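As a plain string of letters, each chain reads:
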Amino acid sequence: MTKGKLIDSLGRIHNNLRISVTDRCNIRCFYCMPDENIQFKPRNEILTFEEIVRFARVAAQQGVNKLRLTGGEPLVRAGLPKLIRQLATIPDIDDIALTTNGILLAEHVDALKRAGLRRLNISLDGLKEETFERIARRKGLDRVLQGIFAAKAAGFERTRLNAIAIRGITESEIVPLGEFARQHGLELRFIEFMPLDAEGNWSDDQVLSGEDIRQTLQEAFGPLVPTVRPDPSQPAMDYRFADGVGTIGFINPVTQPFCSDCNRLRITAEGNIRNCLFSIAEWDARKIMRCGGSDDDLVRLLHECIAAKKSGHGIDSPDFVKPERAMYQIGG
Ligand code: SAM
Ligand code: SF4
(Lines give C-alpha, C1' and ligand atoms only; values in the text may rest on other atoms or scores of the structure.)
(Ligands and ions follow the chains in the order given, each with its own letter.)
Protein backbone atom coordinates (compact mmCIF):
# COMPACT_ATOMS: atom_id res chain seq x y z
CA MET A 1 0.00 0.00 0.00
CA THR A 2 1.49 3.34 -1.01
CA LYS A 3 1.20 6.42 1.15
CA GLY A 4 -1.10 9.15 -0.10
CA LYS A 5 -3.29 12.06 0.88
CA LEU A 6 -7.07 12.35 0.86
CA ILE A 7 -7.47 15.56 -1.16
CA ASP A 8 -10.82 16.46 -2.66
CA SER A 9 -11.61 18.46 -5.79
CA LEU A 10 -11.44 21.72 -3.79
CA GLY A 11 -8.02 20.90 -2.38
CA ARG A 12 -9.27 20.10 1.11
CA ILE A 13 -6.92 17.65 2.81
CA HIS A 14 -8.68 15.11 5.04
CA ASN A 15 -6.65 14.15 8.08
CA ASN A 16 -9.41 13.84 10.64
CA LEU A 17 -11.42 10.61 10.94
CA ARG A 18 -14.50 10.24 13.14
CA ILE A 19 -15.17 6.63 13.99
CA SER A 20 -18.61 5.66 15.24
CA VAL A 21 -18.29 2.57 17.42
CA THR A 22 -22.01 2.02 18.02
CA ASP A 23 -25.44 3.34 17.11
CA ARG A 24 -26.74 2.53 20.59
CA CYS A 25 -27.16 4.99 23.41
CA ASN A 26 -28.28 5.13 27.03
CA ILE A 27 -30.35 8.32 26.57
CA ARG A 28 -32.57 9.69 23.79
CA CYS A 29 -31.72 13.30 22.93
CA PHE A 30 -34.49 14.64 20.73
CA TYR A 31 -32.00 16.32 18.37
CA CYS A 32 -30.36 13.00 17.59
CA MET A 33 -32.43 9.86 18.25
CA PRO A 34 -36.03 8.75 18.23
CA ASP A 35 -37.54 8.16 21.65
CA GLU A 36 -39.00 4.73 20.88
CA ASN A 37 -39.10 1.91 18.32
CA ILE A 38 -35.47 2.22 17.37
CA GLN A 39 -34.05 -0.30 14.94
CA PHE A 40 -30.45 -0.64 16.09
CA LYS A 41 -28.05 -2.41 13.77
CA PRO A 42 -27.63 -6.08 14.70
CA ARG A 43 -24.30 -6.69 16.40
CA ASN A 44 -22.90 -8.77 13.56
CA GLU A 45 -23.30 -5.76 11.25
CA ILE A 46 -21.22 -3.51 13.49
CA LEU A 47 -17.50 -3.35 12.70
CA THR A 48 -15.33 -5.43 15.02
CA PHE A 49 -12.39 -3.77 16.75
CA GLU A 50 -10.07 -5.57 14.30
CA GLU A 51 -11.97 -4.07 11.36
CA ILE A 52 -11.94 -0.59 12.89
CA VAL A 53 -8.19 -0.80 13.50
CA ARG A 54 -7.54 -2.08 10.00
CA PHE A 55 -9.55 0.75 8.49
CA ALA A 56 -7.85 3.36 10.69
CA ARG A 57 -4.43 1.99 9.74
CA VAL A 58 -5.27 2.30 6.04
CA ALA A 59 -6.65 5.81 6.59
CA ALA A 60 -3.46 6.75 8.46
CA GLN A 61 -1.44 5.68 5.41
CA GLN A 62 -3.54 8.19 3.50
CA GLY A 63 -2.70 11.07 5.79
CA VAL A 64 -5.20 10.71 8.63
CA ASN A 65 -3.49 11.58 11.91
CA LYS A 66 -6.42 12.48 14.15
CA LEU A 67 -9.10 10.10 15.33
CA ARG A 68 -12.25 10.77 17.29
CA LEU A 69 -14.42 7.99 18.66
CA THR A 70 -18.10 8.71 18.78
CA GLY A 71 -21.51 7.13 18.26
CA GLY A 72 -24.27 6.66 19.52
CA GLU A 73 -22.73 6.64 22.94
CA PRO A 74 -19.24 5.16 22.57
CA LEU A 75 -19.01 4.12 26.22
CA VAL A 76 -21.89 1.65 25.85
CA ARG A 77 -19.60 -0.42 23.63
CA ALA A 78 -17.79 -2.92 25.82
CA GLY A 79 -14.01 -2.87 25.84
CA LEU A 80 -13.50 0.62 24.42
CA PRO A 81 -10.12 1.08 26.19
CA LYS A 82 -8.88 -2.01 24.34
CA LEU A 83 -9.79 -0.40 21.01
CA ILE A 84 -8.06 2.84 22.01
CA ARG A 85 -4.91 0.93 22.98
CA GLN A 86 -4.86 -0.71 19.54
CA LEU A 87 -5.52 2.56 17.70
CA ALA A 88 -2.76 4.27 19.69
CA THR A 89 -0.19 1.86 18.23
CA ILE A 90 -0.90 2.93 14.63
CA PRO A 91 2.07 4.86 13.27
CA ASP A 92 1.24 8.48 12.33
CA ILE A 93 -1.83 8.69 14.58
CA ASP A 94 -0.94 11.45 16.99
CA ASP A 95 -4.27 12.29 18.51
CA ILE A 96 -7.14 10.15 19.78
CA ALA A 97 -10.20 11.85 21.22
CA LEU A 98 -13.62 10.74 22.43
CA THR A 99 -17.02 12.39 22.40
CA THR A 100 -19.31 11.12 25.14
CA ASN A 101 -22.51 12.03 26.93
CA GLY A 102 -20.60 11.45 30.17
CA ILE A 103 -23.09 9.10 31.82
CA LEU A 104 -20.70 6.14 32.04
CA LEU A 105 -17.57 8.23 32.16
CA ALA A 106 -16.76 8.17 35.88
CA GLU A 107 -16.42 4.38 35.85
CA HIS A 108 -14.28 4.23 32.68
CA VAL A 109 -12.19 7.36 32.82
CA ASP A 110 -9.01 5.90 34.31
CA ALA A 111 -8.97 2.97 31.88
CA LEU A 112 -9.51 5.37 28.97
CA LYS A 113 -6.63 7.54 30.07
CA ARG A 114 -4.30 4.58 30.56
CA ALA A 115 -5.25 3.29 27.11
CA GLY A 116 -3.92 6.45 25.45
CA LEU A 117 -6.93 8.73 25.14
CA ARG A 118 -5.71 12.31 25.02
CA ARG A 119 -8.77 14.49 24.73
CA LEU A 120 -12.38 14.31 25.79
CA ASN A 121 -15.50 16.15 24.67
CA ILE A 122 -18.39 15.79 27.07
CA SER A 123 -21.87 16.85 26.05
CA LEU A 124 -23.56 19.10 28.60
CA ASP A 125 -26.52 21.07 27.30
CA GLY A 126 -27.48 22.63 30.62
CA LEU A 127 -27.16 22.48 34.37
CA LYS A 128 -30.82 22.09 35.26
CA GLU A 129 -32.22 18.58 35.60
CA GLU A 130 -35.35 19.86 33.85
CA THR A 131 -33.32 20.85 30.78
CA PHE A 132 -31.51 17.53 30.77
CA GLU A 133 -34.72 15.51 30.87
CA ARG A 134 -36.43 17.72 28.30
CA ILE A 135 -33.60 17.05 25.86
CA ALA A 136 -32.45 13.53 26.79
CA ARG A 137 -35.90 12.19 27.67
CA ARG A 138 -34.15 10.23 30.42
CA LYS A 139 -32.62 11.07 33.77
CA GLY A 140 -28.88 11.32 34.24
CA LEU A 141 -27.53 14.84 34.79
CA ASP A 142 -25.98 13.87 38.15
CA ARG A 143 -24.01 11.09 36.48
CA VAL A 144 -22.84 13.39 33.69
CA LEU A 145 -21.56 15.87 36.28
CA GLN A 146 -19.79 13.05 38.15
CA GLY A 147 -18.22 12.06 34.82
CA ILE A 148 -17.03 15.62 34.20
CA PHE A 149 -15.40 15.84 37.63
CA ALA A 150 -13.81 12.41 37.20
CA ALA A 151 -12.38 13.48 33.84
CA LYS A 152 -11.00 16.63 35.42
CA ALA A 153 -9.38 14.63 38.20
CA ALA A 154 -7.87 12.18 35.70
CA GLY A 155 -5.97 15.07 34.10
CA PHE A 156 -6.63 14.73 30.38
CA GLU A 157 -4.69 16.96 28.03
CA ARG A 158 -7.98 18.70 27.37
CA THR A 159 -11.57 18.24 28.51
CA ARG A 160 -14.15 20.27 26.70
CA LEU A 161 -17.89 20.68 27.26
CA ASN A 162 -20.19 20.83 24.24
CA ALA A 163 -23.66 22.35 24.51
CA ILE A 164 -26.20 22.17 21.70
CA ALA A 165 -27.94 25.51 21.32
CA ILE A 166 -31.70 25.27 20.88
CA ARG A 167 -33.98 28.28 20.84
CA GLY A 168 -36.57 28.05 23.61
CA ILE A 169 -34.40 25.75 25.75
CA THR A 170 -30.84 26.97 25.92
CA GLU A 171 -31.33 30.68 26.70
CA SER A 172 -31.54 30.23 30.49
CA GLU A 173 -28.55 27.85 30.51
CA ILE A 174 -26.05 30.08 28.69
CA VAL A 175 -24.75 32.10 31.65
CA PRO A 176 -24.82 29.19 34.17
CA LEU A 177 -22.86 27.03 31.71
CA GLY A 178 -20.36 29.85 31.20
CA GLU A 179 -19.94 30.23 34.96
CA PHE A 180 -19.59 26.48 35.46
CA ALA A 181 -16.91 26.19 32.78
CA ARG A 182 -14.96 29.14 34.19
CA GLN A 183 -15.22 27.89 37.75
CA HIS A 184 -13.93 24.42 36.86
CA GLY A 185 -11.33 25.42 34.28
CA LEU A 186 -13.08 23.67 31.40
CA GLU A 187 -13.44 24.83 27.83
CA LEU A 188 -17.02 25.29 26.67
CA ARG A 189 -18.38 25.31 23.16
CA PHE A 190 -21.88 25.99 21.95
CA ILE A 191 -22.93 24.13 18.80
CA GLU A 192 -25.89 25.15 16.67
CA PHE A 193 -28.70 22.61 16.35
CA MET A 194 -28.42 20.96 12.92
CA PRO A 195 -31.14 19.16 10.90
CA LEU A 196 -29.97 15.69 11.90
CA ASP A 197 -32.67 14.73 14.37
CA ALA A 198 -34.35 11.38 13.84
CA GLU A 199 -37.90 12.61 14.16
CA GLY A 200 -37.63 15.26 11.44
CA ASN A 201 -38.78 18.10 13.69
CA TRP A 202 -35.87 20.47 13.09
CA SER A 203 -36.76 23.93 11.82
CA ASP A 204 -34.50 26.91 11.46
CA ASP A 205 -36.42 28.88 14.07
CA GLN A 206 -35.16 26.36 16.66
CA VAL A 207 -31.58 27.32 15.90
CA LEU A 208 -30.19 29.62 18.55
CA SER A 209 -27.25 31.19 16.78
CA GLY A 210 -23.75 31.34 18.17
CA GLU A 211 -23.87 35.10 17.64
CA ASP A 212 -26.94 35.44 19.90
CA ILE A 213 -25.21 33.37 22.59
CA ARG A 214 -22.08 35.46 22.31
CA GLN A 215 -24.15 38.62 22.93
CA THR A 216 -25.73 37.07 26.03
CA LEU A 217 -22.33 36.04 27.38
CA GLN A 218 -20.86 39.49 26.73
CA GLU A 219 -23.72 41.10 28.65
CA ALA A 220 -22.98 38.82 31.60
CA PHE A 221 -19.19 38.59 31.56
CA GLY A 222 -17.94 41.58 29.56
CA PRO A 223 -16.21 41.56 26.17
CA LEU A 224 -15.06 38.29 24.66
CA VAL A 225 -11.67 38.49 22.99
CA PRO A 226 -11.10 36.37 19.84
CA THR A 227 -8.22 33.92 20.17
CA VAL A 228 -5.79 33.01 17.40
CA ARG A 229 -6.96 29.91 15.53
CA PRO A 230 -4.21 27.32 15.90
CA ASP A 231 -5.72 25.20 13.12
CA PRO A 232 -7.66 26.85 10.25
CA SER A 233 -9.74 23.67 9.77
CA GLN A 234 -11.14 23.81 13.30
CA PRO A 235 -14.85 24.52 13.09
CA ALA A 236 -15.01 26.61 16.26
CA MET A 237 -14.40 30.30 16.79
CA ASP A 238 -12.87 30.61 20.24
CA TYR A 239 -12.78 33.60 22.57
CA ARG A 240 -11.19 34.45 25.90
CA PHE A 241 -13.12 36.10 28.68
CA ALA A 242 -11.77 39.61 29.18
CA ASP A 243 -10.69 38.86 32.77
CA GLY A 244 -8.48 36.04 31.46
CA VAL A 245 -10.48 33.30 33.18
CA GLY A 246 -11.50 30.66 30.65
CA THR A 247 -12.27 30.34 26.95
CA ILE A 248 -15.51 29.85 25.14
CA GLY A 249 -16.16 28.72 21.57
CA PHE A 250 -18.90 28.69 19.01
CA ILE A 251 -19.50 26.12 16.29
CA ASN A 252 -22.01 27.69 13.94
CA PRO A 253 -22.61 25.18 11.14
CA VAL A 254 -26.04 26.63 10.31
CA THR A 255 -25.51 30.39 10.44
CA GLN A 256 -21.80 30.45 9.53
CA PRO A 257 -20.91 27.25 7.64
CA PHE A 258 -17.23 26.30 7.70
CA CYS A 259 -17.37 23.69 4.91
CA SER A 260 -14.61 25.38 2.88
CA ASP A 261 -12.05 24.35 5.53
CA CYS A 262 -13.49 20.90 6.30
CA ASN A 263 -10.89 18.18 6.88
CA ARG A 264 -13.21 15.50 8.30
CA LEU A 265 -14.42 12.14 7.14
CA ARG A 266 -16.46 9.59 9.00
CA ILE A 267 -17.03 5.89 9.23
CA THR A 268 -20.35 4.69 10.61
CA ALA A 269 -20.63 1.88 13.14
CA GLU A 270 -21.47 -0.60 10.38
CA GLY A 271 -18.56 0.51 8.23
CA ASN A 272 -19.87 3.03 5.72
CA ILE A 273 -17.53 5.89 4.88
CA ARG A 274 -19.11 9.34 4.66
CA ASN A 275 -17.48 12.52 3.39
CA CYS A 276 -19.91 14.84 5.20
CA LEU A 277 -22.40 14.75 8.07
CA PHE A 278 -25.01 15.69 5.47
CA SER A 279 -23.85 13.28 2.79
CA ILE A 280 -26.62 11.26 1.18
CA ALA A 281 -24.17 8.74 -0.28
CA GLU A 282 -21.99 6.25 1.61
CA TRP A 283 -19.09 3.98 0.65
CA ASP A 284 -19.18 0.46 2.08
CA ALA A 285 -15.83 -0.42 3.67
CA ARG A 286 -17.21 -3.39 5.61
CA LYS A 287 -18.05 -5.24 2.42
CA ILE A 288 -14.45 -4.93 1.29
CA MET A 289 -13.13 -6.09 4.65
CA ARG A 290 -15.54 -9.03 4.95
CA CYS A 291 -15.24 -10.21 1.35
CA GLY A 292 -11.48 -10.62 1.24
CA GLY A 293 -10.71 -7.20 -0.24
CA SER A 294 -7.21 -5.80 0.07
CA ASP A 295 -5.96 -2.67 1.81
CA ASP A 296 -5.49 -1.17 -1.66
CA ASP A 297 -9.21 -1.72 -2.28
CA LEU A 298 -9.91 0.26 0.89
CA VAL A 299 -7.57 3.01 -0.26
CA ARG A 300 -9.42 3.23 -3.58
CA LEU A 301 -12.76 3.42 -1.76
CA LEU A 302 -11.49 6.19 0.51
CA HIS A 303 -10.29 8.24 -2.45
CA GLU A 304 -13.57 7.67 -4.31
CA CYS A 305 -15.51 8.90 -1.29
CA ILE A 306 -13.35 12.02 -0.86
CA ALA A 307 -13.43 12.79 -4.60
CA ALA A 308 -17.23 12.91 -4.41
CA LYS A 309 -17.32 15.43 -1.56
CA LYS A 310 -19.54 18.43 -2.22
CA SER A 311 -18.43 21.97 -1.56
CA GLY A 312 -20.87 22.47 1.32
CA HIS A 313 -23.79 21.03 3.25
CA GLY A 314 -26.34 23.33 1.64
CA ILE A 315 -28.64 23.52 4.69
CA ASP A 316 -29.71 27.00 3.63
CA SER A 317 -30.36 26.00 0.01
CA PRO A 318 -33.92 25.33 -1.25
CA ASP A 319 -32.57 22.06 -2.74
CA PHE A 320 -31.29 20.81 0.65
CA VAL A 321 -32.07 17.14 1.19
CA LYS A 322 -31.91 16.00 4.81
CA PRO A 323 -29.92 12.78 5.06
CA GLU A 324 -32.01 9.71 5.84
CA ARG A 325 -29.75 8.86 8.72
CA ALA A 326 -29.98 10.74 11.97
CA MET A 327 -27.00 11.84 14.04
CA TYR A 328 -26.80 8.66 16.18
CA GLN A 329 -26.57 6.56 13.00
CA ILE A 330 -23.81 8.71 11.52
CA GLY A 331 -21.54 9.57 14.42
CA GLY A 332 -21.35 13.21 15.41
N1 SAM B 1 -23.24 10.23 22.61
C2 SAM B 1 -22.14 11.09 22.54
C3 SAM B 1 -22.50 12.49 22.94
O4 SAM B 1 -23.69 12.82 22.98
O5 SAM B 1 -21.59 13.26 23.19
C6 SAM B 1 -21.44 11.08 21.19
C7 SAM B 1 -22.31 11.05 19.98
S8 SAM B 1 -23.24 12.53 19.71
C9 SAM B 1 -24.08 12.14 18.22
C10 SAM B 1 -21.95 13.65 19.25
C11 SAM B 1 -22.28 15.12 19.37
O12 SAM B 1 -23.27 15.45 18.42
C13 SAM B 1 -22.82 15.53 20.73
O14 SAM B 1 -22.11 16.66 21.20
C15 SAM B 1 -24.24 15.89 20.44
O16 SAM B 1 -24.73 16.84 21.31
C17 SAM B 1 -24.13 16.38 19.00
N18 SAM B 1 -25.39 16.37 18.27
C19 SAM B 1 -26.30 15.38 18.19
N20 SAM B 1 -27.33 15.73 17.40
C21 SAM B 1 -27.07 17.00 16.98
C22 SAM B 1 -27.76 17.92 16.14
N23 SAM B 1 -28.93 17.62 15.57
N24 SAM B 1 -27.19 19.12 15.93
C25 SAM B 1 -26.01 19.46 16.49
N26 SAM B 1 -25.30 18.62 17.26
C27 SAM B 1 -25.83 17.41 17.52
FE1 SF4 C 1 -27.08 9.62 22.65
FE2 SF4 C 1 -25.22 11.43 22.08
FE3 SF4 C 1 -27.34 11.13 20.50
FE4 SF4 C 1 -27.70 12.17 22.90
S5 SF4 C 1 -26.48 13.05 21.23
S6 SF4 C 1 -28.96 10.55 21.98
S7 SF4 C 1 -26.18 11.10 24.05
S8 SF4 C 1 -25.77 9.64 20.83
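Residues numbered from 1 in each chain as written. Chains lettered and ligands numbered in written order. Predicted model: local features only at pLDDT ≥ 70, side-chain atom pairs only at ≥ 80, totals over all residues. Heavy atoms only, no water.

**Some points on the environment of Ile84**
Logical step 1: Relative to the elements of secondary structure, Ile84 occurs in helix H2 (residues 80-88).
Logical step 2: Look at Ile84 and you get buried, because its relative accessible area is 0%.
Logical step 3: The residues contacting Ile84, other than those within four sequence positions of it, are Leu69, Ile96, Leu112, Ala115, Gly116 and Leu117. (Helix = DSSP H or I, 4+ residues; strand = E, 2+ residues; numbered from the N terminus. Buried < 20%, exposed > 50% of the residue type's maximum accessible area, 1.4 Å probe, protein only. Contact = heavy atoms within 4.5 Å.)

**A closer look at the packing of aromatic side chains**
Logical step 1: If you walk through the whole model with that rule in mind, you get 8 aromatic pairs.
Logical step 2: Taken together, a centroid distance of 6.1 Å and an interplanar angle of 85 degrees make the contact between Phe30 and Phe193 edge-to-face. Here Phe30, found in the loop between strand E1 (16-20) and helix H1 (49-61), pairs with Phe193, found in the loop between strand E6 (187-192) and helix H7 (210-221); they are 163 residues apart in sequence, far enough to count as distant.
Logical step 3: For Phe30, a relative accessible area of 16% corresponds to the buried category.
Logical step 4: A residue is classified by how much of its surface remains accessible, and Phe193, at 2% relative accessible area, is buried. (Phe/Tyr/Trp six-rings, centres within 6.5 Å; stacked < 30°, edge-to-face > 60°.)

**A word on the site of ligand 1**
Logical step 1: Around ligand 1 lies a shell of 17 residues, among which Tyr31, Gly72, Glu73, Ser123 and Met194 are the nearest.
Logical step 2: Gly72 places a main-chain nitrogen or oxygen 3.0 Å from a nitrogen atom of ligand 1.
Logical step 3: Contact between ligand 1 and Thr100: an oxygen atom at 3.2 Å from a main-chain N or O atom of the residue.
Logical step 4: The protein chains hide 94% of the 540 Å² of surface that ligand 1 would expose on its own.
Logical step 5: A breakdown of the residues in the shell around ligand 1 according to their chemical character gives 7 nonpolar, 8 polar and 2 charged. (Near = heavy atom within 4 Å. Polar contact = N/O pair within 3.5 Å; in protein donor to acceptor, adjacent residues only side chain to side chain. Areas by Shrake-Rupley, 256 points an atom, 1.4 Å probe, with all protein chains shown as cover. Nonpolar A, V, L, I, M, F, W, Y, C, P; charged D, E, K, R; others polar.)

**A look at the site of ligand 2**
Logical step 1: Around ligand 2, the neighbouring residues are Cys25, Ile27, Cys29, Tyr31, Cys32, Met33, Gly72 and Asn101.
Logical step 2: Here the residues of the shell around ligand 2 sort into 6 nonpolar, 2 polar and no charged.

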